[in-house]
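Chains, contacts and geometry: an overview
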Amino acid sequence: MLLCDIGNTSYHFCNENREYKESVKSFDPSSVKEKVYYICVNKALHVKLHSLSNWIDLSEYIDKKKYYQTMGIDRIFAVEAINEGVIIDAGSAVTVDVVKNNEFVGGFIYPGIQAMRKTYENISPALAYSFNFECDLDIMPKNSQDAISYGYLKTLYSEVMSHNLPVILTGGDALEFKKIFRDAKVDEKLIFNSMKKIILQNEDRLC
Ligand SMILES: Nc1ncnc2c1ncn2[C@@H]1O[C@H](COP(=O)(O)OP(=O)(O)O)[C@@H](O)[C@H]1O
Ligand SMILES: CC(C)(COP(=O)(O)O)[C@@H](O)C(=O)NCCC(=O)O
Ligand SMILES: [K+]
């Protein structure tokens, strides 16, 4: 079964156990001839995907009453996958969603690594550093690279840890954030497993 999670940077495919990515900028979805179950947060692609009969939008098979109307479908599928924890989906944006006793408590959206690095760089060339994910968030920075790394990472780290819940990391940058959320579980297949659960629950409707 071919699954696809489409974000603002990548088509993230999973075929049985093979995972691969294609760029949103260059990939042509009509090149896929087999049936593919997908979710998509990329509004620009919605019309094209809905015109392809072999691309099946799983967002139509989820009970959206538990979520707010404009919530990203990637976040909804991630939340549906767990009963308790804080999910960090680190991609173009970093989304953080809190689930307690199988209930969606709420969540927030934080700039992704590339977006934030460009923001600092656009302020001044003096801030053109990659983020140091090894920087000690318990010590006030005394160099420029840690000054922007701490500025970007400490707020996110403190907020996530304040919930005292298990942390689950997913998304293209999960392994970077694992360096600061050391006790987190990295689950690159979180959303794909959630998609499989929804397909199984709706197999009579999904021919
Ligand atoms: N222009 C870009 N914007 C955002 N992320 C980018 C960009 N170029 C490369 N990346 C990398 O691509 C990955 C995006 O993560 P991914 O989860 O695939 O994105 P999304 O789900 O938002 O499409 C990250 O590792 C990020 O660092
Ligand atoms: C925040 C997102 C852009 C994240 O998408 P991604 O990082 O996977 O490209 C996506 O969840 C989205 O479009 N959300 C809509 C706004 C909201 O969730 O409130
Ligand atoms: K994301």
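Residues numbered from 1 in each chain as written. Chains lettered and ligands numbered in written order. Predicted model: local features only at pLDDT ≥ 70, side-chain atom pairs only at ≥ 80, totals over all residues. Heavy atoms only, no water.

Focus on the packing of helix α3 (residues 113-123) against helix α4 (residues 144-161)
Direction vectors running N to C along α3 and α4 enclose 135°, while the axes themselves pass 12 Å from each other. Here α3 lies oblique to α4, going by the angle between them. Crossing handedness for the pair α3 and α4: right-handed. Contacts between α3 and α4 pair Ile-113, Met-116 and Tyr-120 from the former with Ile-148, Gly-151 and Tyr-152 from the latter. Looking at the contact of α3 with α4 residue by residue, the classes come out as 5 nonpolar, 1 polar and no charged. (Axes fitted to C-alpha atoms, helices over the stretch in contact; angles between N-to-C directions. Helix = DSSP H or I, 4+ residues; strand = E, 2+ residues; numbered from the N terminus. Parallel < 35°, antiparallel > 145°, perpendicular 65-115°, else oblique. Left-handed = near helix turned anticlockwise from the far one by under 90°. Contact = heavy atoms within 4.5 Å. Nonpolar A, V, L, I, M, F, W, Y, C, P; charged D, E, K, R; others polar.)

Quick word on the sheet that holds strand β2 (residues 10-15)
The 5 strands lie next to each other as β3-β2-β1-β4-β5, forming an open sheet whose pairing is mixed. At either end of the open sheet lies a strand with only one pairing partner, and these are β3 (18-23) and β5 (55-57). Put simply, the sheet's adjacent strands are angled 25° from each other on average, direction ignored. Here helix α1 (residues 43-50) sits on the sheet and contacts β1 (2-6), β2, β4 (36-40) and β5; the angle it forms with β4, its principal contact strand, is near 155°. Across the sheet, helix α6 (residues 190-201) lies against β1, β2, β3 and β4, angled at about 125° from β1, the strand it touches most. (Pairing = 2+ DSSP bridges.)

Quick look at the domain arrangement of the protein
Taken domain by domain, the protein comprises domain 1 (2-62 + 194-206) and domain 2 (82-186). In this structure, domain 1 and domain 2 have C-alpha centres spaced 27 Å apart. (Domains from an automatic or database assignment.)

Quick word on the environment of Lys-64
Mapped onto the elements of the fold, Lys-64 is located in the loop between β5 and α2 (73-80). Given a relative accessible area of 40%, Lys-64 falls into the partly exposed group. The residues contacting Lys-64, other than those within four sequence positions of it, are Ser-59 and Ile-73. Within the structure, Lys-64 has its side chain in polar contact with the backbone oxygen of Ser-59 (distance 3.2 Å). (Buried < 20%, exposed > 50% of the residue type's maximum accessible area, 1.4 Å probe, protein only. Polar contact = N/O pair within 3.5 Å; in protein donor to acceptor, adjacent residues only side chain to side chain.)

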